[in-house]
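# Architecture and fold: a report
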Amino acid sequence: MEYQPGSGARRRARGGDADVRFVSAVYAAFSHARGNGHPPSSPQDLAQGISSNGAIEVFINCCNTGTDRLFVTESWLTLRLPALRDALSDPISEVQAHALRLAVTKARHLGDVITFLKAQPLTWDGYDEMKRDLRAAHDCASMERGLFPWPVIIQALNDEALQRSHDSAAGMQQHLAECRPCPGCGREAADMRWVWVRYSTVRSLRGCVFEGWVVLCRPCGLQVERFGRYTMA
Ligand SMILES: [Zn+2]
């Protein structure tokens, strides 16, 4: 089947197979076209008012045309193009055209662009904030579960002799630069509790011991960081 740009050959069939066939046909057609000496498109050709068909066409034609352009393989693109196409209106808007230019010039990941377009109306600042919030929520959830079992941490906290024998100020000094703030409240490393932990576990039938600092945000109930080493017991 020959693909004719702008002919309306694109089918809005929702079936996955139809999408895959569509994308394969489009991509193959453009690989072929370029082989015949067609000049690549410019990102500036992705402009408000062109059809969604045309936008996809230009988008593909911009890919793989230089180190400052998005590099795609057919299989990679085949997985993502149906979602991109579904996120576009017909004709495309300025916001959509701009987002496509960002993807094709590698200023934004294509996955981010697709999510951004699906979440319209939203600014890029809003998108970044949403992503930060999601990441913080994810971080908080895993820190709440804990890097180590909580009873181990609490036991270490209550072991005054163990804590006295390790200088938390020195530990903090050593790792301050690499310690992130608490994702729950923003508390900095120096304002969190540094507790020395020795924890034996079993991995793959061999004993494994962690020894080092676990950084706690006590108001949030999070194990924010650990700095130490694992040794085979
Ligand atoms: Zn906190």
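Worth saying up front: this structure is predicted, and the values here are computed from it rather than measured.

## Re the overall build of the protein
Looking only at helices and strands, the protein features 9 helices and 3 strands. Counting from the amino terminus, helix and strand elements in the protein follow one another as α-α-α-α-α-α-α-α-α-β-β-β. Within the protein, buried positions represent 24% of all 233 residues. Residue pairs in contact within the protein that sit at least 24 positions apart in sequence constitute 61% of those at least 6 positions apart.

## Observations concerning the nonpolar core
In this structure, A55, F59, L100, A103, V104 and V113 are the most contacted members of the largest nonpolar core, which totals 25 residues. Beyond its immediate sequence surroundings of up to four residues, V113 is in contact with A99, L102, A103 and R108. Core analysis: the next-biggest nonpolar cluster, separate from the first, contains 16 residues, M143, W194, V215 and C217 among them.

## Here's the deal with the environment of S89
Mapped onto the elements of the fold, S89 is located in the loop between α3 (74–86) and α4 (94–104). Remark: the alpha-carbon pair of S89 and G49, spanning 40 residues in sequence, is separated by 9.7 Å. Apart from residues lying up to four places away in sequence, S89 is in contact with S52 and Q96.

## Notes on unusual backbone geometry
The step from D90 to P91 runs through a cis peptide bond, and the omega angle for that step is 5°. Within the element layout of this structure, P91 appears in the loop between α3 and α4. A positive phi angle is found at N64, which is not glycine, with a value near 60°. Along the chain, the position of N64 falls in the loop between α2 (52–62) and α3. You can call N64 partly exposed: it has 16 C-beta atoms within 10 Å.

## Some remarks on the packing of α4 against helix α5 (residues 110–118)
Axis separation between α4 and α5 bottoms out at 9 Å; the angle between their running directions is 165°. Considering the angle they form, α4 stands roughly antiparallel to α5. The handedness of the crossing between α4 and α5 is right-handed. Counting all contacts with α4, which are made through Q96, A99, L102 and A103, the residues of α5 involved are L110, V113, F116 and L117. Residues of the contact of α4 with α5, tallied by class, amount to 7 nonpolar, 1 polar and no charged.

## Quick notes on the confidence of the model for the protein
In the predicted model, the protein carries a mean pLDDT of 83, and the fraction of residues at 70 or more is 80%. No element of the protein has a lower mean pLDDT than helix α1 (residues 16–35), at 60, and none a higher one than α4, at 95. This stretch, residues 1–15, has a pLDDT under 50; its non-local contacts, to residues over four places away or in other chains, come to 17 contacts.

## Notes on helix α6 (residues 124–145)
Residues that lie three or four places apart on an α-helix share one face, since the helix turns once every 3.6 residues. End to end, α6 covers 32 Å across 22 residues, agreeing with the expected 32 Å (1.5 Å per residue, within 8%). Burial analysis of α6 places just 1 of its 22 residues in the buried class, which makes it a mostly uncovered element. Just past α6, the residue G146 takes up positive phi, approximately 100°.

## Let's talk about the environment of E178
Mapped onto the elements of the fold, E178 is located in the loop between α9 (168–175) and β1 (193–203). With 9 C-beta atoms packed within 10 Å, E178 lands in the exposed category. Along the sequence, E178 and E225 sit 47 residues apart, while their C-alpha atoms lie 9.4 Å from each other.

## A word on the environment of F148
Note on placement: F148 falls in the loop between α6 and α7 (150–158). Classification of F148 as partly exposed rests on a count of 15 C-beta atoms within 10 Å. Considered as a pair, F148 and Y199 are 51 residues apart in the sequence and their alpha carbons are 8.1 Å apart. With residues near it in sequence (within four places) discarded, F148 still touches I153, V197, Y199, V214 and Q223.

Analysis parameters
Sequence order as written defines residue numbering, which begins from 1 separately in each chain. Note on the predicted model: pLDDT of at least 70 is required for a residue's local features to be given, and 80 or more for side-chain atom pairs to be given and counted; whole-chain, interface and lining totals, by contrast, use all residues. Counting from the N terminus, the helices are DSSP H or I runs at least four residues long and the strands are E runs at least two residues long. Exposure is read from a count of other C-beta atoms within 10 Å of each residue's own; the residue is exposed at 12 or fewer, buried at 20 or more and partly exposed in between. C-beta atoms are placed from the backbone. By the convention adopted here, residues are in contact when the distance between their C-beta atoms, placed from the backbone, does not exceed 7 Å. Here, a nonpolar core denotes buried Ala, Val, Leu, Ile, Met, Phe, Trp, Tyr and Cys residues that are linked to one another through C-beta atoms within 7 Å. Axis lines are fitted through C-alpha atoms, for helices just across the contact stretch, and the angle between N-to-C directions can take any value from 0 to 180 degrees. If an angle is under 35 degrees, it is roughly parallel; if it is over 145, roughly antiparallel; if it lies from 65 to 115, roughly perpendicular; otherwise it is oblique. Two helices cross in a left-handed way if the nearer one is turned anticlockwise from the farther one by less than a right angle. They cross in a right-handed way if the turn is clockwise. Polar here means any residue outside two lists: the nonpolar Ala, Val, Leu, Ile, Met, Phe, Trp, Tyr, Cys and Pro, and the charged Asp, Glu, Lys and Arg; Gly therefore counts as polar. Confidence of the predictor at the level of single residues is given by pLDDT, which spans 0 to 100. To estimate the expected span of a helix, count its residues, drop one, and scale the result by 1.5 Å.

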